[in-house]
Each structure stands twice: as structure tokens, then as C-alpha cells.
Amino acid sequence: MNGTLYVVATPIGNLGDFSPRAQEILRKADLIAAEDTRHSAALLRHFGITTAMISLHEYNERRRAELLIARCREGLSVALISDAGTPLISDPGYRVVRQARHAGIEVLPIPGPCALVAALSVAGLPSDRFVFEGFLPAKTGARQARLLQLAEESRTLIFYEAPRRLLETLQAMIEAFEPDREAVVARELTKRYETVQGGTLSFLLSWARQTPESSRGELVLLVHGAEKEQDAIQQEALRVLRPLVAVLPLKQAVALAVDITGFKKNRLYQLALELQAAKKH
Ligand code: SAM
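Keep in mind that this is a model prediction, so the values were computed, not measured.

Participant: In this structure, what is going on with the layout of surface pockets? I would like to understand it.
Facilitator: Remark: the empty space left among the atoms is shown by a probe the size of a water molecule rolled over them. Estimated volume of the second largest pocket: approximately 450 Å³. Lining the second largest pocket are 24 residues, with Ala84, Ala115, Phe135, Tyr160 and Glu218 sitting closest to its centre. Within the residue set of the lining of the second largest pocket, elements represented by two or more residues are β7 (156-161) and β10 (219-223). In the lining of the second largest pocket, the residues fall into 13 nonpolar, four polar and seven charged. Inspection of the lining of the second largest pocket shows a minimum of three residues originating in each of domain 1 (4-113) and domain 2 (116-223).

Participant: Explain the packing of helix α7 (residues 166-176) against helix α8 (residues 201-210) here, please?
Facilitator: Running from N to C, α7 and α8 point in directions that differ by 160°, and their axes come no closer than 9 Å. As the angle between them shows, α7 and α8 are arranged roughly antiparallel. Helix-helix and strand crossings are classified by hand; for α7 and α8 the assignment is left-handed. When α7 is examined against α8, the residues Leu166, Leu167, Leu170, Gln171, Met173 and Ile174 are found in contact with a partner set consisting of Leu201, Ser202, Leu204, Leu205, Ala208 and Arg209.

Participant: Would you explain the sheet that holds strand β8 (residues 182-187) in this entry?
Facilitator: Backbone-to-backbone hydrogen bonds join strands into a sheet, with any given pair of strands oriented parallel or antiparallel. The strand order across the open sheet formed by five strands is β6-β7-β10-β8-β9, and the pairing between neighbours is mixed. In the strand order of this sheet, the two ends are held by β6 (130-135) and β9 (195-200), each with one partner. Taken over all neighbouring pairs, the strand axes of this sheet differ in orientation by 15° on average, direction set aside. When β6 meets β7, the two strands line up parallel, connected through five bridges.

Participant: Just to check I follow, could you spell out the site of the ligand for this structure?
Facilitator: Surveying the vicinity of the ligand reveals 19 residues, the closest of which are Thr86, Asp91, Ala115, Tyr160 and Leu219. Between a nitrogen atom of the ligand and a main-chain N or O atom of Ala84, the distance comes to 3.3 Å. At a separation of 2.9 Å, a nitrogen atom of the ligand approaches a polar backbone atom of Ile89. Protein contact buries 90% of the 580 Å² of open area that the ligand shows by itself. A majority-of-atoms criterion places the ligand in the second largest pocket. Split into classes, the residues belonging to the shell around the ligand amount to eleven nonpolar, three polar and five charged.

Participant: Can you help me understand the pairing of strand β2 (residues 31-34) in this one?
Facilitator: Within a regular beta strand, the side chains point alternately toward one face of the sheet and then the other, so they alternate between its two faces. Alternating positions in β2 separate into two faces, Leu31 and Ala33 on one and Ile32 and Ala34 on the other, with burial throughout. Across four bridges, the pairing between β2 and strand β4 (residues 78-81) is parallel. Opposite Ala33, over in β4, you have Leu80 as the bridge partner. Examined bridge by bridge, β2 and strand β3 (residues 53-55) share three bridges and lie parallel to one another. From the neighbouring strand, Ile32 faces β3, where its bridge partner is Met53. Crossover connection from β2 via helix α2 (residues 37-46) to parallel β3: handedness right-handed.

Participant: How should I be thinking about α7 in this particular structure?
Facilitator: The α-helix advances 3.6 residues per turn, and as a result positions three or four apart in sequence lie on the same side. Looking at α7, one finds that the buried residues are Leu166, Thr169, Leu170, Ala172, Met173, Ile174 and Ala176. Buried residues along α7 sit against α6 (140-150), β7, β8, α8 and β10.

Participant: What is the right way to look at the domain arrangement of the chain in this model?
Facilitator: Frequently, the measure chosen for interface size is the accessible area that the parts lose on association. As assigned here, the chain comprises domain 1 (4-113), domain 2 (116-223) and domain 3 (229-280). The C-alpha centroid of domain 3 is placed 52 Å from the C-alpha centroid of domain 1.

Participant: For this particular structure, what's the right way to read the side chain of His224?
Facilitator: As for its position among the elements, His224 is in the loop between β10 and α9 (230-247). Setting aside anything within four residues of it in sequence, one finds His224 in contact with Leu125, Pro126, Arg181 and Glu182.

Participant: How should the nonpolar core be read in this particular structure?
Facilitator: Taken as a class, soluble globular proteins show a tendency for nonpolar side chains to be buried jointly. Ranked by size, the top nonpolar core spans 24 residues in total, and within it Leu147, Phe159, Leu170, Met173 and Phe177 carry the most contacts. Considering every element that reaches this core, the biggest residue donor is α7, with six residues. Other than its neighbours up to four places away in sequence, Met173 contacts Leu136, Leu147, Phe159, Leu201, Leu221 and Val223. Counting residues in hydrophobic clusters, the runner-up holds 17 residues, among them Ala33, Cys72, Val97 and Ala100.

Participant: It is not clear to me how the pairing of β10 should be interpreted in this structure. Could you clarify?
Facilitator: Of all five residues in β10, five are buried; the element is thus mostly enclosed. Along β10, one buried face is formed by Leu219, Leu221 and Val223 and the opposite face, lined by Val220 and Leu222, is buried too. Pairing geometry for β7 and β10, over five bridges, is antiparallel. The residue of β10 that forms the bridge with Phe159 is Leu221. When β8 meets β10, the two strands line up antiparallel, connected through five bridges. In the sheet register, Arg187 faces β10, and the bridge partner there is Leu219.

Calculation criteria
- Residues numbered from 1 in each chain as written.
- Predicted model: local features only at pLDDT ≥ 70, side-chain atom pairs only at ≥ 80, totals over all residues.
- Heavy atoms only, no water.
- 1 Å grid on protein atoms, 1.4 Å probe; cavity = no way out; pocket = protein on both sides within 12 Å on 5 of 7 lines; lining within 4 Å.
- Points joined across faces, edges and corners; volume = space filled by probe spheres on them.
- Helix = DSSP H or I, 4+ residues; strand = E, 2+ residues; numbered from the N terminus.
- Nonpolar A, V, L, I, M, F, W, Y, C, P; charged D, E, K, R; others polar.
- Domains from an automatic or database assignment.
- Axes fitted to C-alpha atoms, helices over the stretch in contact; angles between N-to-C directions.
- Parallel < 35°, antiparallel > 145°, perpendicular 65-115°, else oblique.
- Left-handed = near helix turned anticlockwise from the far one by under 90°.
- Contact = heavy atoms within 4.5 Å.
- Pairing = 2+ DSSP bridges.
- Near = heavy atom within 4 Å.
- Polar contact = N/O pair within 3.5 Å; in protein donor to acceptor, adjacent residues only side chain to side chain.
- Areas by Shrake-Rupley, 256 points an atom, 1.4 Å probe, with all protein chains shown as cover.
- Sits in = over half its atoms within 2 Å of the grid points.
- Buried < 20%, exposed > 50% of the residue type's maximum accessible area, 1.4 Å probe, protein only.
- Right-handed = clockwise from strand over helix to strand, strands pointing away.
- Core = buried A, V, L, I, M, F, W, Y, C linked by side-chain atoms within 4.5 Å.

Next up, the structure:
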């Protein structure tokens, strides 16, 4: 009989959040696959768990998947953990789970802490529909392009971000979204210096500038989705742009439309391109 692959959540800061069931599964498993075995050894030692561990990183996941599946086929039970929170969520494990399922091995979740869910549960932003974007690209151009793609997204946006990039990211969001878009910074959740700060993007930028600790620790950044009035804004932008695009070069039409409406240049430029393309057809 095949063994089971357990996907086990561990605390994101507060050890009190380590569920008794998660501890029990890790204690009874034949093998634990951990992102950083030294990091996890400290956690397991604290709870008196002595199960053998092997490492599972992004770069060895393919090979490790085969080994872990072979163990399950031998009837052993394997537990997958990451450094903190729920494995696979901006953490390794996806390939192992996928291959295990394809191999007909039972994969069971042992749910628990997850920073994005914890942050959303206290942010006070619409939580009925949301988009988890993980980490934004580190390079400025790629990050700005991603944010522009998200500018019209009406669901709550959730990002993981390195604290040293918080100021830069808030600035980039102000440029890509509206400066008065509501957002929340949830840092050091479940830990001693836990802070959940909400406000407009421009308020958060000045708050972060004045709060040196905001550039330390761990954080989740949540942004209110684009308002449905965007539709109304789009209609107004098109109303102004249409006659201008008909008689003026594109750049000039956009510049005038920016003056008239006060809307974002990027957005107006995109709409102008769409109008021009439609004119050609
Ligand atoms: N798998 C984890 C989970 O379930 O949330 C996430 C792993 S990802 C590599 C690490 C990122 O999660 C951090 O950079 C931060 O954005 C977020 N994070 C983890 N713990 C956090 C905490 N206690 N407070 C705020 N954000 C946290």
C-alpha cells in the first residue's frame, strides 16, 4: 500500500499557532521534506519531534520529487513543510504535490497559518474576491509592467514584499494605480511587533518613510481593487479622446486629454491606441 504525502502548515511567527494535529503528523511521519532543514530543525527540536528530514528547495525539487514519491510507494508517509506557513504558497512543493497526485499517491493537507490569509482576515478590505500575486518582479521595469496590468483589477490585490522594497513598491503603486487607492501593510503578523496599518497609498508612503521599522521584518501588502466607477472614468476618457484622436497626432491628443480630464497618461495613451486601431478597421 502506498504511503501518504502530508502538506503541513507551520507557524509564521507565533509557535502557539502550531496545531496539535500538525505536530502529531510530523512526529509520526517517516520522513519530513523541509525547505531549509537547519531552520526547521529548531522548530522540530522545540516540539520534541525527531523525525528524519531531507531538504527540498526550488532547485532540487524535480529530483527530490522522484525520491519522495518512491518512498511513498514503499508505504512510507512523507510530510512536506516550508520555512514558515503553508508550503507551496510562494514556497517550494508544487512539483512534488503534482507528481505525487499523478502517481496516484494520496496527498492530504494539514492546514494552518498562511500570511496572506492572516493579513486578509484583518485588513478590512473586501475579502469575498481577491487575487494573490505573490512577490512582484524585483526589476523596476518588469514590476511596473505587472502593476499596470493590474490597474483595472477590481478584486482585492495581495502581495508578498521584501520590507527593504516597501517604499519603492508603494511609489510604483502610486504611479500605476491612483494615489488615493486604499491599501494595508500587515507586518510581523503573530509576532511581537505586529502592525497592521491602513490608509491611501500616498498616506502609506509617508507613514513608511516616517516609520523606520516598516523596512524590517516580514510584510504583506494588500490593495483595494479598482472601483467599478472605473467604467465611468473610461467612458469619460473615451468621450474626450475620440474627437482628439480623430484630428490630432496620438501624442498631442493624449497630452490634451490629460490636461482636460486629469486622468493618467498611461491609461489615456492605451485607450488612444485602441481608438486608433479601431479607426483602421
Ligand atoms: N508559505 C508562506 C505562507 O504561507 O504565507 C509564505 C512564504 S514566502 C517565502 C514569505 C513571505 O510571506 C514574506 O516575505 C512575507 O511577505 C510573508 N510573511 C511570512 N510571514 C509573515 C508574517 N509573520 N507577517 C507578515 N508577512 C509574512
